[in-house]
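Residue-level structural notes
Each chain, letter by letter, is given below.
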Amino acid sequence: MALIVHKYGGTSMGSTERIRNVAKRVAKWARAGHQMVVVPSAMSGETNRLLGLAKDLSPATQTPAMLRELDMIACTGEQVSVGLLALALQSEGMEAVSYNGWQVPIQTDSSYTKARIQSIDDARVRADLAAGKVVVITGFQGKDDDGNVTTLGRGGSDTSAVAIAAAMKAAECLIYTDVDGVYTTDPRVVPEARRLHTITFEEMLEMASLGSKVLQIRSVEFAGKYRVPLRVLSSFTPWDINIDEEAKSGTLITFEEDEKMEQAVVSGIAFNRDEAKVTVMGVPDKPGIAYQILGDVAEANIDVDVIIQNVSHDGKTDFSFTVHRNDYQRTMDLLKSKVQPATGAEQVIGDPKICKVSIVGIGMRSHVGVASKMFRSLSEEGINIQMISTSEIKTSVVIDEKYMELAVRALHKAFDLEESVVPVQEKS
Ligand code: ADP
Ligand code: ASP
Ligand code: MG
């Protein structure tokens with residue numbers, strides 16, 4: 001008998017019919033002798049609907065007091081889900097109980113709308129499991145030290161599930177979603193994308209941080225830190241498929257490089273449309289200038305991603321960086337009102353219609369020429385690269401948003417991802 005955590009995403013919880021299916025699947029696992037903790041998201045579209053209502057009533061700039069209320073609103077979607085799922089489990093003849101994050105409690109810091117989990121007290125949950133109950137806990141939610149409700153950022157139910165699995169030392173955390181695993185790239189953009197049988201934790205971390213929203217990045221961080229066995233699989237298989245088969249399906253996030261399994265140099269392609277580019281033109285090229293520009297930006301709590309500084313001409317240079325698209329206007333205003341006068345920059349320009357496309361693979365450590373192959377295939381498509389950033393296992397480029405799909409498809413093909421090595425287990 002093992003303690004297992006299941007997480008079901010919004011689409012998987014999207015109707016009462018689907019919730020009934022989730023309940024049947026969970027009941028199957030419980031009847032097989034496992035202790036079950038289930039973490040569902042809000043029903044699909046619900047969090048957007050709730051935040052849309054809030055947007056109608058809130059002004060453009062959000063104060064901490066407003067962010068607190070956003071969390072009060074957004075967290076309700078998950079409360080409905082847990083209640084419905086517990087009810088459906090009871091209809092299946094299971095004993096089941098649901099909890100909000102604050103009832104567990106799941107303790108977080110007070111960064112409303114993007115809170116971080118600090119600790120989880122599992123005593124109540126353990127007592128329920130010992131009494132033979134299935135425990136259903138809201139994803140996405142926590143509470144801070146003052147008892148305020150917090151949420152963990154969009155996609156945060158993944159993190160709730162992995163954190164609960166880590167705190168309770170679960171045997172495995174299964175992330176059930178609307179695709180049957182992690183693919184070489186988003187299968188909704190490239191239909192030829194191939195499901196990966198395994199992906200290393202490091203690659204998954206890069207993929208998630210570079211825009212593959214199949215797992216929230218913090219969930220991958222938790223899984224890495226606490227060594228939680230993590231698998232992504234489909235909630236759309238028939239609920240009564242053989243449990244051993246189901247337990248081996250999808251994509252396993254591995255901690256060791258298993259060379260036999262995946263030999264591709266590039267394992268996946270991620271993309272992100274959520275960024276915007278800003279450029280401060282004609283700044284004096286002297287020590288301290290990057291700090292002067294980015295110091296003000298950091299002080300305004302704006303995260304900066306790719307940064308590029310050009311060679312100087314006549315003692316002046318151009319300085320570009322990307323920020324989240326939601327922060328674009330704020331960044332432009334700040335640069336124009338504060339940074340430009342302080343640095344004597346000639347001009348501030350921006351482009352919110354860019355995207356970042358990245359290739360990811362631990363094989364890049366031991367192979368040369370990967371980045372140049374990427375640049376060649378983009379040039380063959382006539383796509384201009386605006387910025388480049390690299391690390392040990394990834395290369396990212398910033399390009400015009402309108403070429404995103406073309407770039408992803410071209411790179412997917414160039415790196416042979418659709419015909420890559422057949423995973424060992426599937427050969428026979
Ligand atoms: P859930 O509601 O279950 O949390 P999400 O929408 O958050 O589901 O994540 C699943 C989606 O992630 C898929 O429907 C798919 O479009 C997208 N996705 C992006 N990149 C990938 C990838 N590399 N592999 C699989 N899915 C991906
Ligand atoms: N319901 C939340 C969201 O839509 C959390 C999640 O789905 O993981 O972002
Ligand atoms: Mg998600």
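Cut-off values and rules
Residues numbered from 1 in each chain as written. Chains lettered and ligands numbered in written order. Predicted model: local features only at pLDDT ≥ 70, side-chain atom pairs only at ≥ 80, totals over all residues. Heavy atoms only, no water. UniProt positions renumbered as here; feature names shortened; annotations may be inferred. Helix = DSSP H or I, 4+ residues; strand = E, 2+ residues; numbered from the N terminus. Rg over C-alpha atoms; globule rule 2.2 N^0.38 Å. Contact = heavy atoms within 4.5 Å. Areas by Shrake-Rupley, 256 points an atom, 1.4 Å probe, with all protein chains shown as cover. Lys, Arg positive; Asp, Glu negative; His and termini not counted. Charge placed at Lys NZ, Arg CZ, Asp CG, Glu CD. Buried < 20%, exposed > 50% of the residue type's maximum accessible area, 1.4 Å probe, protein only. Arc of directions from axis to C-beta. Polar contact = N/O pair within 3.5 Å; in protein donor to acceptor, adjacent residues only side chain to side chain. Near = heavy atom within 4 Å. Nonpolar A, V, L, I, M, F, W, Y, C, P; charged D, E, K, R; others polar. Pairing = 2+ DSSP bridges. Axes fitted to C-alpha atoms, helices over the stretch in contact; angles between N-to-C directions.

Going by the annotation in an unreviewed UniProt entry, the name recorded for the protein is Aspartokinase, with Ideonella margarita given as the source organism. Reading the Catalytic activity (unreviewed entry) entry of the UniProt record for the protein gives the comment "L-aspartate + ATP = 4-phospho-L-aspartate + ADP". Quoted straight from UniProt, the Sequence similarities (unreviewed entry) entry for the protein says "Belongs to the aspartokinase family."

Quick word on the overall build of the protein
Within the protein, the regular secondary structure consists of 13 helices and 20 strands. For the protein, whose C-alpha radius of gyration is 23 Å, the value lies close to the compact-globule estimate of 22 Å for 428 residues. Across its three principal axes, the protein shows a C-alpha extent of roughly 75 × 55 × 30 Å. Within the protein, counting contacts between residues at least 6 apart in sequence, those at least 24 apart form 75% of the total. Accessible area of the protein: about 19,600 Å², with a carbon and sulfur share of 50%. Charged side chains of the protein number 46 positive and 57 negative; the gap between the two group centres comes to 2 Å.

As for helix α10 (residues 289-299)
Among the residues of α10, those classed as buried are I289, I293, L294, D296 and V297. Here the buried residues of α10 occupy an arc of 150° about the axis, which is enough to place them on one side. Exposed residues pointing more than 90 degrees away from the buried face of α10 are listed as Y291 and E299. Positive phi appears at N301, one or two residues downstream of α10, with a value of about 65°.

Overview of the side chain of N272
Within the secondary structure, N272 sits in strand β13 (residues 268-272). Taking the relative accessible area as the measure of exposure, N272 reaches 11% and is therefore buried. Only 2.7 Å separates the side chain of N272 from the backbone nitrogen of D274, close enough to count as a polar contact. With sequence-adjacent residues up to four places away left out, N272 is seen in contact with L210, G211, C355 and K356.

Some words on the site of ligand 1
Lining the immediate environment of ligand 1, one finds 17 residues, of which T177, D178, Y183, D186 and R188 sit closest. Residue T177 places a side-chain N or O atom 2.6 Å away from an oxygen atom belonging to ligand 1. At 2.8 Å, a side-chain N or O of D178 approaches an oxygen atom of ligand 1. Relative to its unbound accessible surface of 570 Å², ligand 1 loses 89% to contact with the protein. Grouping the amino acids of the shell around ligand 1 by side-chain chemistry returns 6 nonpolar, 6 polar and 5 charged.

Observations regarding the site of ligand 2
Neighbouring residues of ligand 2: S41, A42, T47, E78, F140, R154, G155, G156 and S157. Within the side chain of S41, an N or O atom sits 3.2 Å from an oxygen atom of ligand 2. The backbone of G156 places a nitrogen or oxygen atom 3.4 Å from an oxygen atom of ligand 2. Classifying every residue of the shell around ligand 2 gives 2 nonpolar, 5 polar and 2 charged.

A closer look at the sheet that holds strand β12 (residues 251-254)
Sheet strands pair via backbone hydrogen bonds, and the direction of the pair is either parallel or antiparallel. Read from one edge of the open sheet, 8 strands run β3-β6-β2-β1-β9-β11-β12-β10, paired in mixed fashion. Of all the strands in the sheet, just β3 (96-99) and β10 (198-200) have a single pairing partner and so form its edges. Pairs of neighbouring strands in the sheet enclose a mean axial angle of 20°, with direction left out of account. Sheet strands touched by helix α1 (residues 16-31): β1 (3-8), β2 (35-40), β6 (134-137), β9 (172-177) and β11 (230-234). Its angle to β1, the strand with the most contacts, is close to 170°.

With respect to the pairing of β12
Sheet topology places β10 next to β12; 3 bridges connect them, and they run parallel. Bridge pairing in β12 links T200 to T254. Where β11 and β12 come together, 3 bridges link them in antiparallel fashion. Note on β12: the bridge partner recorded for L230 is I253.

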